[in-house]
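Listed here are the chains, written in short residue letters.
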Amino acid sequence: MCGLAGFLRTPAMPARDSHGAWLARMTDAIVHRGPDAEGHYLDDRIALGHRRLSIIDLSEHGNQPMTSACGRYVIAFNGEIYNYLDLKTALQGQGVSFSTESDTEVLLALYAREGRACLERLNGMFAFVVWDREAGKLFMARDRLGKKPLYYYQANGHFAFASEIKALLPLPPLERRLRPDAVKDFFAYQYVPDPKTVFQNLFKLPPGYWLETDGQETQLHRYWDVSFRSLDDRSEEQIAGELLELMSDAVRVRMVSDVPLGAFLSGGIDSSAVVGLMAEHSSGPVTTCAIGFDSERFDEVHYAEQVARQFSTDHHEYTVRDTVADQLRGIARYFDEPFADPSFVPTYFVSQLARQTVTVALAGDGGDENFAGYSKYVTDLWENQLRGLFPRPLRRRLFPTLAGVAGKGSHALFRKAGSLLSALAREPDEAFFLTNCFFRPSLWDQLATGDLARETRHYDPAELTRMHYGHADGPDHLSRILYTDIKTYLPGDILVKVDRMSMANSLETRAPLLDYRVVEYAASIPSALKLRGREKKHILKQSLKPMLTDDILYRKKMGFSVPLAEWLGQELRNLAHERFTATDGGLAQCFDMTQLQSLWQRHLAGEQQFSQELWSLLVFDLWWQEYGP
């Protein structure tokens, strides 16, 4: 895994004599992504830098930026191309010769022959840029699902790019101006969804897109999307068998490495399946790593131990104890945008643990989005069925009033009733957003103040959910919300969390269940085989029955949950109180501190639980202290 950064040396870019020093500061900012080597390329029109974490071909011949054999193209690449050996063989058959064993050289040779069409042939996780010296154009692309990040800044004649925002901030032309609608998005979704970032004129290249620019004219194009049109003429047994074969091959191709390789293991279905398939393809014990908590309700290590024993792995564990408050600031700084999924904390620690023994770790990410593994899908499907029992005019006119009355009750049941009635009053796409919104619109209106409140008054974060839900081609509600999560929650939350926390420890992570072949196949499976009644991941469980025991397949899902309420009431209480009363931070700039402190006191008094809302406010302030305007 690696990091890249650079900028076009346009006439608008000042101080040309300083460009080499600027580039060095950019790559220094992401040294954690690539501690093994550093490379810079500069010509009259571009400055291109790279930090390398050596995985394939550990020699210096694999260092980057790398120039093509013809001399026309220069590449900086972050990721892995899993089918590079097959591509290399095909290219050699066409007369192409290679001087390294790296997948970078294969990617570069393929691009030199096929241009942007090469993307259709890649199976991997990647973000790369190619400079065409002859045409004076920069091409950049991101993998289909968004495993690897890529940002770009475009304003006032400037164009710059990097693997992380922190690598762009040293550039003098970049202005750190807050983007108000992105801040509102963050509190609704707990992350800033693409293509936005928290800063104006700074963007994420969306997954499955390429961009080409000469600094003046820019093309942005989507090269991949996933279809949910069901192929329902297959039997359940046939689907289960084909699915297992696909997953097995996805694991196999991700086990190619010139450095030690292992796996994250939670004891859940997805990670257990990955470990079991790794054991089938491995000649020795698989190295596995698990994370636990002092809190019994959130500790899953005994399940991980059970799977580790079954597959005779070399198992390692770490328990998160009273270390969160001491390390939270340091961990959170790896997110250069506000990010509030609290499971980033254990993800950091399990990555730290894994890095002690391996450089590459396979993970089970993607199983929930592919096969309907989250409890929210059950809830939302039930709500949608209930919604169909009432005429639309009745729902739209009467239910909001009833929801308002129920929501004023102090008992939790009243609040749940209010939430349900509010969801039923809305259309399915908006209700899916509302049910899964982490910061209620009424709370935002209560807390937001000043310019932030004024500039976001007419902006609704639900627009993003509605857009993707409407674009989905699935035949039913479940397929549409799965598509929506694959386009939003997966790349915006799950993959950001894993990338930043693993890269903070210079660890590469690979996700076999996000092999695009698995994703496309899963999308074609009828919804009824994914969610059967209240049973989640039905078809995945059927496919894994030859390998995993029923107590693993059918135990209650916990996910990578954390004891957030306990943290806020104990370990993080002093830090939270400090930031919720501070007058010099981002909270004081954006929110009504009297209202915020009232929320905090009500939470501490046990009148109402606001754990996720307060956590998102806290991490927003920690982000502001490090990166704010």
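In terms of burial, helix α4 (residues 180–189) is largely enclosed, as 10 of its 10 residues are buried. For α4, the full list of buried residues reads P180, D181, A182, V183, K184, D185, F186, F187, A188 and Y189. Elements in contact with the buried residues of α4: α14 (428–435), α15 (441–447), α16 (450–456), α17 (462–471) and α27 (611–627). Q190 lies just past α4 and shows a positive phi near 80°.

What follows deals with the side chain of S102. Locating S102 in the fold gives a position in the loop between α2 (84–93) and α3 (103–114). Owing to a relative accessible area of 2%, S102 belongs among the buried residues under this scheme. For S102, the side chain forms a polar contact with the side chain of T100, separated by 2.9 Å. Engagement of the side chain of S102 in a polar contact is seen with the backbone nitrogen of E105, the distance being 3.3 Å. Setting aside residues no more than four positions away along its own chain, S102 makes contact with I56, D57, G62, M66 and Y84.

With that out of the way, let us pick up the environment of S351. Summarising the element assignment, S351 is placed in helix α9 (residues 344–355). Residue S351 is classed as buried on the basis of its relative accessible area of 0%. A sequence separation of 102 residues divides S351 from A453, and the C-alpha atoms of the two residues are 38 Å apart. Setting aside anything within four residues of it in sequence, one finds S351 in contact with F264, M501, S502, N505 and L507.

Attention now moves to the side chain of D499. Tracing the chain through its elements places D499 in helix α19 (residues 489–503). According to the relative accessible area criterion, D499 is buried, its value standing at 2%. Among all residues touching D499, those that are not within four sequence positions of it are R33, K147, K148 and P149.

Taken together, the side chains of L389, F390, L394, L398 and L402 make up a nonpolar region of the molecular surface, amounting to roughly 420 Å² of accessible area. Position of L402 among the secondary structure elements: in helix α12 (residues 392–407). You can call L402 partly exposed: its relative accessible area is 38%.

Here we take up the sheet that holds strand β3 (residues 46–52). Spatial ordering of the open sheet is given by β2-β3-β1-β9-β8-β10, a layout of six strands whose pairing is antiparallel. Every other strand in the sheet has two partners, leaving β2 (37–42) and β10 (202–204) as the edge strands with one partner each. Between one strand and the next, the sheet's axes are offset by a mean angle of 15°, whatever the strand orientation. Where strand β1 (residues 2–8) lies against strand β9 (residues 158–162), three bridges are found, and the strand directions are antiparallel. Paired with F7 across the two strands is A160, which belongs to β9.

Our focus in this paragraph is helix α8 (residues 324–332). For α8, the complete set of buried residues consists of V324, L328, I331 and A332. Looking down the long axis of α8, one finds its buried residues gathered within 85° of arc, a one-sided arrangement. Of the surrounding elements, those touching the buried residues of α8 are β15 (314–320), α9, α19, α23 (564–569), α24 (573–581) and α27.

The next point concerns the pairing of β1. In terms of burial, β1 is a largely internal element, seven of the seven residues being buried. Here β1 shows a buried face lined by C2, L4, G6 and L8 and a second buried face lined by G3, A5 and F7. For β1 and β3, the ladder comprises seven bridges, and the chain directions are antiparallel. Paired with G6 across the bridge in β3 is L48.

To continue, consider the packing of aromatic side chains. Applying the stated criterion across every chain, the model contains 32 aromatic pairs. Considering the side-chain rings of Y111 and F139, the 5.2 Å spacing of their centres and the 35° angle between planes classify their relative orientation as tilted. Separated by 28 residues along the polypeptide, Y111 in helix α3 and F139 in strand β7 (residues 137–142) bring together distant segments of the chain. Taken as a pair, Y111 and F139 share a single burial class, namely buried. Among the aromatic residues, those joined into a ring-pair cluster are F186, F187, F199, F439, W444, F591, F620, W623 and W624. For R144, the ring lying beneath its charged end belongs to Y516, and the centroid distance is 3.8 Å. When the ring centre of Y334 is taken as origin, the NZ or CZ atom of R333, which lies over that ring, is 5.7 Å away.

Let us look at the environment of R229. Relative to the helices and strands, R229 resides in the loop between β12 (218–222) and α5 (236–253). Owing to a relative accessible area of 57%, R229 belongs among the exposed residues under this scheme. On a C-alpha basis, the gap between R229 and S524 in space is 5.7 Å, while along the polypeptide they are 295 residues apart. Those residues in contact with R229 that sit more than four places away from it in its chain are D473 and S524. Side-chain polar atoms of R229 contact the side chain of D473, separated by 3.4 Å.

With respect to burial, strand β6 (residues 124–132) is a largely interior element, nine of its nine residues being buried. Residue alternation in β6 divides its side chains into two sets, G124, F126, F128, V130 and D132 and M125, A127, V129 and W131, and both sets are buried. When strand β5 (residues 73–81) meets β6, the two strands line up antiparallel, connected through nine bridges. Its bridge partner being in β6, V74 is matched across the sheet by W131. Pairing of β6 with β7 involves six bridges; the strand directions are antiparallel. Its bridge partner being in β7, V130 is matched across the sheet by F139. If you look at the hairpin formed by β6 and β7, you'll find four residues sitting between the two strands, and G136 has a positive phi there, around 70°.

As a further point, take the packing of α5 against helix α6 (residues 269–281). One way to put it is that α5 packs onto α6 with a least axis distance of 9 Å and a crossing angle of 70°. By the angle between their directions, the pair α5 and α6 is classed as roughly perpendicular. Judged by the sense of rotation from one axis to the other, the crossing of α5 with α6 is right-handed. Facing L244, M247, S248, V251 and R252 of α5, the residues of α6 in contact are V274, L277, M278 and H281. Taken together, the residues that form the contact of α5 with α6 break down as six nonpolar, two polar and one charged.

Take the pattern of salt bridges next. Between side chains of opposite charge, a pair can form as their charged atoms come close. Enumeration over the complete set of coordinates arrives at 42 salt bridges. Put simply, K497 and D341 hold a salt bridge, and the shortest N to O gap is 3.9 Å. Residue K497 is located in helix α19, and its partner D341 is located in the loop between α8 and α9; the two are separated by 156 residues in the primary sequence. The class for D341 is buried, based on a relative accessible area of 10%. A salt bridge links E508 to R510; the shortest N-O distance between them is 2.5 Å. Using a relative accessible area of 1% as the deciding quantity, one classes R510 as buried. Through salt bridges that share partners, R33, K148, E164, K166, D336, D499 and R500 make up one connected network.

Calculation criteria
- Residues numbered from 1 in each chain as written.
- Predicted model: local features only at pLDDT ≥ 70, side-chain atom pairs only at ≥ 80, totals over all residues.
- Heavy atoms only, no water.
- Buried < 20%, exposed > 50% of the residue type's maximum accessible area, 1.4 Å probe, protein only.
- Helix = DSSP H or I, 4+ residues; strand = E, 2+ residues; numbered from the N terminus.
- Contact = heavy atoms within 4.5 Å.
- Polar contact = N/O pair within 3.5 Å; in protein donor to acceptor, adjacent residues only side chain to side chain.
- Patch = residues over 30% accessible without salt bridge, like charges linked within 9 Å, V, L, I, M, F, W, Y side chains within 5 Å.
- Areas by Shrake-Rupley, 256 points an atom, 1.4 Å probe, with all protein chains shown as cover.
- Salt bridge = Lys/Arg side-chain N within 4 Å of Asp/Glu carboxyl O.
- Pairing = 2+ DSSP bridges.
- Axes fitted to C-alpha atoms, helices over the stretch in contact; angles between N-to-C directions.
- Arc of directions from axis to C-beta.
- Phe/Tyr/Trp six-rings, centres within 6.5 Å; stacked < 30°, edge-to-face > 60°.
- Lys NZ or Arg CZ within 6 Å of the ring centre and 35° of its normal.
- Parallel < 35°, antiparallel > 145°, perpendicular 65-115°, else oblique.
- Left-handed = near helix turned anticlockwise from the far one by under 90°.
- Nonpolar A, V, L, I, M, F, W, Y, C, P; charged D, E, K, R; others polar.

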